[in-house]
Amino acid sequence: TYSTLNPITWKFHDGTISHAANPSMTYSGPGTYPVTIYASTSTGCLDTLQSSVTFYPFPKIDAGPDTTICLTDSATLNPHGGMSYVWSPAGSLSCSACTNPFAFPVVNTRYTTIGTDIHGCSNADTVTVRIRTKTTASASPTTEICSGDTVKLVATGGTKYQWIPAIGLDSPKAANPHASPDSTQHYIVVVQLASCIPDTVAVDLIVHPTPVVSAGKNQTMIAGDKVQLQAIGSSFISHWEWSPGDDLSCINCASPEASPKASTTFIIVAKTEFDCRATDSVRITVICDNKQVYIPNTFTPEGNGVNDVFYPRGRGLKVINHFRIYDRWGEVVFERSNMQVDDRSQGWDGKKNGKPLSPDIYVYTVDAVCDTGEPIKWQGDVLLLR
């Protein structure tokens, strides 16, 4: 108020002009708004005053989450958003003008708090404290496991827990103990929420037997041969599964024939109707041996279809790199490359350059690769008869 200055002119942020000594102005929302005063004296002296007016928003007061307590217990109220609080109704509170009063109502009660921020602005919110007398608990449904396995049991609804019996439990007083009993158990969990009347829930844990299985002894075989695998196990096994299965006569039987081309570890998984499992393995070692190939020491190339072609016979060879025949003077009379074992069409017919050779003893060499990837060589004599 400038009573000695006349006239006075007020100019507001939106361009509004007022000549009143004490004007009023309505503002649309929080913020800082400039105000300018122009004034003059009766003698013509002029003055200007620039200032501002600030409006703060209402604080966002949160009285905290609703809660439920047992009769005779108390709940701590936890508001947010203000610097100070006033609570009502005050009759069941430990204090009415503190931030975190204890509430101990005997009936469901809604509390109102008026919170004030650092600017002196206030707002209100409510929180409800409900009363209960009995604990309401829940727990895991009936669960099935295999012997030797562990499962976590779950109980909710309280602050104290007691599992009965304690057989197979790692922590009988925990809400979520781990259970690994040897046999089926009927558990009772006693759950209590603060001072409320306890509640009980039953949990059945059914334990199925886990099978025992043996894949048999490790074996050694010559490349190209077959060996019999033999898995044995508990009488209640209902399903067998071997892996890898590419070199087995069957993968879902107990005793498949195995014909691996390289040394292999076969794994057997035995399952029961309840999917309880046992596993074992067996190692089949594949070796490369000259005994796996048969090469005759005599042949009679007379064209009668009986022993008239000379070639390597046998099994377990990936490829024959070179098959050569030499005469007694060391000259090559026949040669084949990249042929397969037992391929009669690639054998020697007793001729050189299309002409029959005379009866004699000839030397042969075989340079091959086993199914195992190992190189293998043979050398010997063959008698050509006519």
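This text follows the structure it describes.
Quick caveat: nothing in here was measured; it's all calculated off a predicted structure. (Residues numbered from 1 in each chain as written. Predicted model: local features only at pLDDT ≥ 70, side-chain atom pairs only at ≥ 80, totals over all residues. Heavy atoms only, no water.)

1. Focus: the state of the cysteines
Applying the stated criterion across every chain yields a total of 5 disulfides. The disulfide bridge from C95 ends at C98, spanning 1.6 Å between sulfur atoms. Residues C95 and C98 are joined by a disulfide whose S-S torsion is about 65 degrees; by sign, that bridge is right-handed. C95 gets classed as partly exposed once you look at its relative accessible area, which sits at 28%. Between C250 and C253 runs a disulfide, and the two sulfur atoms are separated by 1.6 Å. When the S-S torsion is 55 degrees, as for the bridge of C250 with C253, the disulfide is right-handed. Among the residues examined, C250 registers a relative accessible area of 25% and is labelled partly exposed. The cystine pairing of the protein, numbering bonded cysteines in sequence order, is 1-5, 2-3, 4-8, 6-7, 9-10. (Disulfide = S-S within 2.5 Å. Buried < 20%, exposed > 50% of the residue type's maximum accessible area, 1.4 Å probe, protein only.)

2. Comments concerning the sheet that holds strand β9 (residues 109-116)
With mixed pairing, the 4 strands of this open sheet are ordered in space as β5-β10-β9-β7. Strands at the two margins of the open sheet, each flanked by one partner only, are β5 (67-70) and β7 (84-88). Between one strand and the next, the sheet's axes are offset by a mean angle of 30 degrees, whatever the strand orientation. With 5 bridges connecting them, β7 and β9 associate as antiparallel partners. The partner of V86 across the bridge, within β9, is I114. (Pairing = 2+ DSSP bridges. Helix = DSSP H or I, 4+ residues; strand = E, 2+ residues; numbered from the N terminus. Axes fitted to C-alpha atoms, helices over the stretch in contact; angles between N-to-C directions.)

3. Brief notes about the sheet that holds strand β12 (residues 143-146)
Spatial ordering of the open sheet is given by β12-β18-β17-β15, a layout of 4 strands whose pairing is mixed. Edge positions in the sheet fall to β12 and β15 (160-164), since each has one partner strand and no second. Strand-to-strand twist in this sheet, taken as the mean axis angle between neighbours without regard to direction, amounts to 25 degrees. Pairing of β12 with strand β18 (residues 199-208), which is carried by 4 bridges, proceeds in the parallel orientation.

4. Thoughts on the environment of T133
Mapped onto the secondary structure, T133 falls in the loop between β10 (122-132) and β11 (138-139). If we ignore the near neighbours within four places in the chain, the residues touching T133 are C196 and I197. (Contact = heavy atoms within 4.5 Å.)

5. Observations regarding the pattern of salt bridges
Summed over the entire model, instances satisfying the criterion amount to 8 salt bridges. For the salt bridge of R315 with D225, the shortest nitrogen-to-oxygen distance reads 2.3 Å. Of this pair, R315 sits in the loop between β29 (313-314) and β30 (317-326) while D225 is found in the loop between β20 (219-222) and β21 (227-228), placing the two residues 90 residues apart along the sequence. Under the relative-accessibility criterion, R315 is labelled partly exposed at 30%. Using a relative accessible area of 24% as the deciding quantity, one classes D225 as partly exposed. Note that R277 is salt-bridged to D275, the shortest N-O span being 3.2 Å. When its relative accessible area of 41% is taken as the criterion, D275 is described as partly exposed. (Salt bridge = Lys/Arg side-chain N within 4 Å of Asp/Glu carboxyl O.)

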